[in-house]
Amino acid sequence: MTGLLSDLRFGARLLLKSPVTTAAAILSLALGIGGTTAMFSAVDAVLLRPLPYPEPERLVMVSATAPMTRGTSPTRRGGDLSPGDYLDYRSSSSFEGLASISTAPMRLTGDGSPEQAQAAQVSGNFFSVLGVGALAGRTFLPAEDAPGHPALAVVSETLWQRRYARSPDLIGRTIRVSDQPVEVVGVVAAGVRFEGTVDLWLLGDRGVPRLTSIPNLTQNRDVHILTVVGRLRRGVSIPEAQAELDVIAARLGREYPATNTGWGIALDPRQSALVGHTRRMLLLLLAAVALMLLIASVNVANLMLVRTQARALELAMRSALGASPARLIRQILMEGGLLAICGGLVGLVLAAWGVQSLVRLAPEGLPRFEEIAINGRLAAFGVAVTAFVALGFGLWPALRSLREPLNAAVQGRVRSTAGHDRRRSQLLLVSSQLAIAQVLLVAAGLLIASFDRLVSVDPGFDARELDAMDVSLPAAKYRDPAARIRFHEEVLQRLEATPGVKSVAMAMRAPMTPPISRGVWIEGRPESAPGQPQTMRFLTVSEHYFDATGMRMLRGRGITRDDGLRSPDVVVVNEAFARRYFPGQDPIGKRIGYGARNDDHYWRTIVGVVGDTREQLGESPRATAYAPFRQSLEPWNFASYLVKSSLPIGIIGDAGRQAVMASDPDQPVSRLRPVAADMRATIATQRFTTLIATMFAGVALVLAVVGTFGVMSHVVRGRTREIGVRMALGATRRNIVTLVFGEAARVVIAAIVVGLSAAAMLAASMQALLYEVQPRDPSTLALAAVVLISTALAASYVPVRRVLAQNPVASLRDTA
Amino acid sequence: MIALRNLEKSFKSGAGETFVLRRITLDVTPGEFVSIMGPSGAGKSTLLHILGMHDTDWRGEYELHNQPIHSLKQKDRMALQKKHIGFVFQSYHLLDNLTVYENLEVPLSYRDVPRTQRQSIVADVLDRFQIVGKKDLYPSQLSGGQQQLVGVARAVVANPSLILADEPTGNLHSDQAREIMELFKKLNHDGTTIIQVTHSETNAQCGNRIIKLRDGWIVND
């Protein structure tokens, strides 16, 4: 025990004696452990850990697949179901239950000031399908969504806390939601989320939303608004369930040709549907941090090699004084162990900070990020890996040097081949570090280039000085189209009268928020298959919409105040619509149809063509039609007001709230924000990925360069005698620089060749994350190589200069 | 060949100055075999390294072949050093990762001698020193005497007019030492000026002039 303590004390003293080397080793260990633990914790929480529901492997998402249309890519997955179709699929025998959910902001009144809450209208079996119980009270019973059943609600814990101060008598109380009385039956935990945060769960009518202004919704097969999740019966596989639903889809296509021809159904496991779009990003970041761990480990390995080499004489002397090999090994292990412990502790601190930072930096909407926490198993793994490296690379050269004859060590004459081998090992390790850093630099470079292209994309509108705020009008109160139109007109008038406001408009959806998708018919267009509709994006807008958003009017005219209920039905389409449905023709004067076919207002004349806009910066523009809101008889009760001004957003918000409340004191305004923020949000995931990957690449480069500097310093120091001899034999400073630097340059160039080759091979897997950048983009590869060459060679040159400045010939002095 | 006038070297120590060499004045004519002797710390090796232009931190006058070294730029000094001086070290200081052949070739490559000519010169020196059979061996594969033999061969490969040897037999046993000194005598006989630092009276007797140093001063010449 005394020996152990003395070894520990000696080890600590040695570490403190060379603070720079010790700090470098601890930092390398800490970065490797911390980065890996934080990132792997994220991957574990998001991708690997099962969903917090019982038997989550039986949960599947059921989505509608849109029919193939001319000129489009094959069938896309991921669409909502129409209510009529959902009720038919509920008859499937492959599922214990198929639950529906439709989210929308809704107005809460009474019990305080009006508030916009995120509500989800669900089927009665929703909570039983997920396997979620109540925190207080109860959840819905499957049979409760029968027609005529009283309206019920389950409140989230967050809303219960925020609005009702966790009052236990909320259970059984009636609250008002969109002016409708609803009885609260229970509270569920805040962690119960579905497609985002939900404040309030409302019982639907057989799973179809009750609180809606769309009439006869349960029979509607044209409006796709239900997200559906199912729990497979035990023993039923996804392919088996898919086969059964395909039969039902085919039957619906025959029975309802006008709306269902060509529509299919797709099943995806709930977990992959939830996190699928983040999988590639997380795996890329995990790969990056694993490479960083590798570099950190190599750094530690090199540092340990250097330390042990420098102690060859000390170890030989201890051996001569009677220390057994076991005793010497124990001493080395103590030192390596101390380093590993210090590195591990700092690494865990870094990991905790890293996890907090990941959660803070992560864009909104990344699924399950709120569940990320330090994973103890993974932290232990990281510590074990780096400890193994520290101990292994400290022990191995020490064992070799114990085999050297004592007198050789005392006289400094170790086998030249041993010194040569050691130097080669170190340079090989440095080269591998630099090669790995090269791979990371290329990956970061590609992401940066991609992100740069993305932010340079013209969205098609001008987001400068443009703010947006949303309203969701209660269906019951605003069922009459005239009431909706009047409401919007009054609000727009008041906003226009606000001093400092340049332009005001209203739209069903603000720019950068996806409009609704719906079928469209082109009059006179020959159809490839009877009853097969085309699809388009659709929104209603006010007359100043194109001005306020800076969209370019290309042909014809825009929407005017005169486009009202008594005027001819008109519509403006974008370029993408014209290209898709009227290639090579002028669409002005042509007619398109949408909505109920027997509606008098079904057909609309195209009066203008406007420039394309993008819903997401990285996506191509979609065929879109803009209809005057004054001609909208359909029950769209959500709207955004757009205000162009240089006023602070707080003033715009106040003006908006006053303008809205003057028409309806109970109508809240929600989501006040600059439109530019919505634009930034569409690339938030890419920004996050680029930021994190660049950080890792930067850290990896620093680690690799520090490692290069350390090894080259040691190598050059070891060659001081040789340098002195060469200078004594007539070598100039240039000869020496060329000699030593040449060796470093060969190491760096080898690293670059290997690194670029590996990067070129691996980069193909990044294609999905890149926008308009090829994985083997030559300029990015070249730039990454230049960065590595310049930093690594600079790190190699400094030790050479230092040795030359100290007159290496002086090292040849054998006697005073 | 060599003229030193009031050559001095010192370094600052605390508030004062410590002298390593004091007012060294001497002349060496071509063909001399000079031995510099004295106790440890006398300044022998320091003087030798100044003569070899390994040490540039000194004052006074030093002329080599009538060239004023003290007033030449470093580049010009190095050119003169390459042209006229060969150095032999006590610890041989061969380059461990080069073969014997390559060790001999290195000084020639620093003198921009063309490759074919280098091959010829090295072959000649290997033959002259009777170490042809060892040309592909590494220093670690040679005995101490053989290494010093190579060290001497390397010093003469560029045909210098002056050889400076710092305790050339210090790490050798007597037979090997005798062999090396015989070699020096032969080189001197062939016209090479030799200045050696030595503790050995026997070695000093191989030369024709002994300079004794003590505490940085010349006390006997």
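Data block above holds the structure.
Residues numbered from 1 in each chain as written. Chains lettered and ligands numbered in written order. Predicted model: local features only at pLDDT ≥ 70, side-chain atom pairs only at ≥ 80, totals over all residues. Heavy atoms only, no water.

Caption draft 1: Structural detail: the overall build of chain B. The secondary structure content of chain B amounts to 7 helices and 10 strands. What you see for chain B is a C-alpha radius of gyration of 18 Å, in line with the 17 Å of a compact globule of 221 residues. Viewed in the frame of its principal axes, chain B has a C-alpha envelope of about 55 × 40 × 35 Å. Residues counted as buried form 54% of the 221 residues belonging to chain B. Taking as baseline every contact in chain B between residues at least 6 positions apart, the subset at least 24 positions apart corresponds to 70%. Looking at chain B as shown, the accessible area adds up to about 9900 Å², and 45% of this sits on carbon and sulfur atoms. (Helix = DSSP H or I, 4+ residues; strand = E, 2+ residues; numbered from the N terminus. Rg over C-alpha atoms; globule rule 2.2 N^0.38 Å. Buried < 20%, exposed > 50% of the residue type's maximum accessible area, 1.4 Å probe, protein only. Contact = heavy atoms within 4.5 Å. Areas by Shrake-Rupley, 256 points an atom, 1.4 Å probe, with all protein chains shown as cover.)

Caption draft 2: Looking closely at the pattern of salt bridges. Residue and element names in this part refer to chain A. Counted under the stated rule, the structure contains 49 salt bridges over all chains. E96 serves as the salt-bridge partner of R58, at 2.8 Å between the closest nitrogen and oxygen. Taken as a pair, R58 in the loop between helix 2 (19–48) and strand 1 (59–65) and E96 in strand 2 (residues 95–109) lie far apart in primary sequence, 38 residues in all. A residue is classified by how much of its surface remains accessible, and R58, at 9% relative accessible area, is buried. By relative accessible area, E96 is classed as partly exposed at 43%. With its nearest N and O atoms 3.5 Å apart, the salt bridge here joins D470 to R671. Remark: R671 occurs in strand 21 (residues 670–674) and D470 occurs in strand 11 (residues 466–472); sequence separation between them is 201 residues. Given the relative accessible area of 46%, R671 is considered partly exposed. (Salt bridge = Lys/Arg side-chain N within 4 Å of Asp/Glu carboxyl O.)

Caption draft 3: Layout of the environment of Q148 of chain B. Residue and element names in this part refer to chain B. Position of Q148 relative to the elements: it lies in helix 5 (residues 144–156). Exposure remark for Q148: the relative accessible area of 0% places this residue in the buried category. Remark: the alpha-carbon pair of Q148 and T29, spanning 119 residues in sequence, is separated by 26 Å. Filtering out sequence-adjacent residues up to four positions away, Q148 remains in contact with V88, F89, Q90, Y92, P168, L172 and I180.

Caption draft 4: Region of the structure containing the packing of aromatic side chains. Evaluation of the coordinates by the stated rule reveals 15 aromatic pairs over all chains. Taking the centre distance of 5.1 Å and the plane angle of 85° together, the rings of Y602 of chain A and W603 of chain A count as edge-to-face. Judged by its relative accessible area of 1%, Y602 of chain A is buried. Classification of W603 of chain A by relative accessible area gives partly exposed; the value is 27%. Through a chain of ring-to-ring contacts, three or more aromatic side chains come together here, namely F126, F127, F140 and W201 of chain A. Against the face of F19 of chain B rests R22 of chain B, its NZ or CZ located 3.8 Å from the ring centre. (Phe/Tyr/Trp six-rings, centres within 6.5 Å; stacked < 30°, edge-to-face > 60°. Lys NZ or Arg CZ within 6 Å of the ring centre and 35° of its normal.)

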